[in-house]
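Summary of structural features
Spelled out from the first residue to the last, the chains are:
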Amino acid sequence: MQAVPLLRDRYALPVLPSGVGYDRVADERYRWHGLERGDTPFAIVQHTLAGEGWLRFEGRRLRLGPGDCMLVTVPHDHSYWWQADGAPWEFLFMSLHGHEALRLQRLLIGERGPVVRPRPVALEILAAGVARLLAPPLPDAGEASSLAYRLLMTLHDAAPSATDRPTAPPTGVARALEHLQAALHADPPDAARLAELDVSALARLAGLSRAHFTRRFVRAVGQAPGEYLLQERMRRAAELLARREVSVKAVALSLGFHDPNYFAKAFRRSFGVSPREFRSSGMYFDARRQPADTGSRHPLLNRE
């Protein structure tokens, strides 16, 4: 293990590694708390090679076993530790500084959670980066930044894709998805139905309790239902904004957003720009160029 002294203030690059290494922990005193590590923000990527550790994150207690990659930021209310009755915990880690490192890490956590199981290529990138940063001479800041940025981008791409998931969701989840997509892709969208749709409403459509529905939905779709619901509404908003004759307020209302300001904030969180900027910049794809029979069904509902 070693620090990576790249003089962050001098270079001011948006992604920089600040510490890397390999560790093998078998000491019950090993415990880190995300609110007791100072005020300087940074991110941590920690990939378990063998044994196990534990992470407490936003009310959940998560096991960190071989192949699990922990993603956290500091300061944040979390803790992780080795438990005395477990096998020694072996892992590779990289700590990252810079505003873009933090933004990308938070994006990963928001989309995939604090523990992911990436494909082997992500571990290869992490191991190569750790090896390069541990071996003298220390790389220049640009090369070090490239290594860290590549790791974050590989983690982004290395999460399980839709093709890795079941081809058909359970009946209740499929019924909820059909209802949502039908409301979204009506022309115009069914604003009344969309305004009433939340996780509880989707669970009722599936005939399940909210907790049971959420578990089945995550297994089938790979996302929490609330995240998926907002994501699909934002995707539909992007399509509708391609129609320049429709006002931003009309798009918001058609998707069940009674508060245009809330719609604008949600859209900015999804795309990084306001709805008006999105439309004027040409970032949108033209929905009229899409095949006429696409978009009305979730990919999981498309069966041979």
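Residues numbered from 1 in each chain as written. Predicted model: local features only at pLDDT ≥ 70, side-chain atom pairs only at ≥ 80, totals over all residues. Heavy atoms only, no water.

In space, the four strands of this open sheet follow the order E3-E8-E5-E6, with antiparallel pairing throughout. The open sheet has two edge strands with one neighbour each: strand E3 (31–33) and strand E6 (60–64). With direction set aside, neighbouring strand axes in the sheet form an average angle of 15 degrees. Judged from the five bridges that link them, strand E5 (residues 53–57) and E6 form a sheet pairing that is antiparallel. Following the sheet pairing, Phe 57 is matched in E6 by Arg 60. (Pairing = 2+ DSSP bridges. Helix = DSSP H or I, 4+ residues; strand = E, 2+ residues; numbered from the N terminus. Axes fitted to C-alpha atoms, helices over the stretch in contact; angles between N-to-C directions.)

Let's shift gears to the packing of aromatic side chains. To describe a pair of aromatic rings, one takes the distance between the centres and the angle between the planes. Applying the stated criterion to the full structure yields eleven aromatic pairs. What links up through ring pairs into an aromatic cluster is the set Tyr 30, Tyr 80, Trp 89, Phe 91 and Phe 93. Over the aromatic face of Trp 81 sits the side chain of Arg 31, whose NZ or CZ is 4.4 Å from the ring centroid. The positively charged end of Arg 61 is found above the aromatic ring belonging to Trp 54, 4.2 Å away from the centroid. (Phe/Tyr/Trp six-rings, centres within 6.5 Å; stacked < 30°, edge-to-face > 60°. Lys NZ or Arg CZ within 6 Å of the ring centre and 35° of its normal.)

What follows is about the side chain of Thr 154. Note that Thr 154 resides in helix H4 (residues 141–157). Thr 154 sits in the buried class, given a relative accessible area of 12%. If sequence neighbours within four positions are ignored, Thr 154 has contacts with Val 121, Ala 122 and Ile 125. (Buried < 20%, exposed > 50% of the residue type's maximum accessible area, 1.4 Å probe, protein only. Contact = heavy atoms within 4.5 Å.)

This part takes up the environment of Gly 113. Within the element layout of this structure, Gly 113 appears in the loop between helix H2 (99–112) and strand E10 (115–116). Considered as a pair, Gly 113 and Met 70 are 43 residues apart in the sequence and their alpha carbons are 9.0 Å apart. With residues near it in sequence (within four places) discarded, Gly 113 still touches Leu 71 and Leu 108.

With that settled, the discussion passes to the side chain of Arg 233. Checked against the element boundaries, Arg 233 lands in helix H9 (residues 225–241). Apart from residues lying up to four places away in sequence, Arg 233 is in contact with Leu 184, Leu 194, Leu 255, Gly 256 and Phe 257.

Judged by nonpolar contacts, the single largest core of 41 residues is most densely connected at Val 45, Leu 71, Trp 89, Met 94, Leu 96, Leu 152 and Leu 155. At the level of secondary structure, the elements contributing two or more residues to this core comprise strand E2 (16–25), strand E4 (42–50), E5, strand E7 (69–74), strand E9 (89–97), H2, helix H3 (120–134) and H4. Considering every element that reaches this core, the biggest residue donor is E9, with six residues. Among residues more than four places away in sequence, those in contact with Leu 155 are Val 45, Cys 69, Leu 71, Leu 108, Arg 112, Pro 118 and Ala 122. (Core = buried A, V, L, I, M, F, W, Y, C linked by side-chain atoms within 4.5 Å.)

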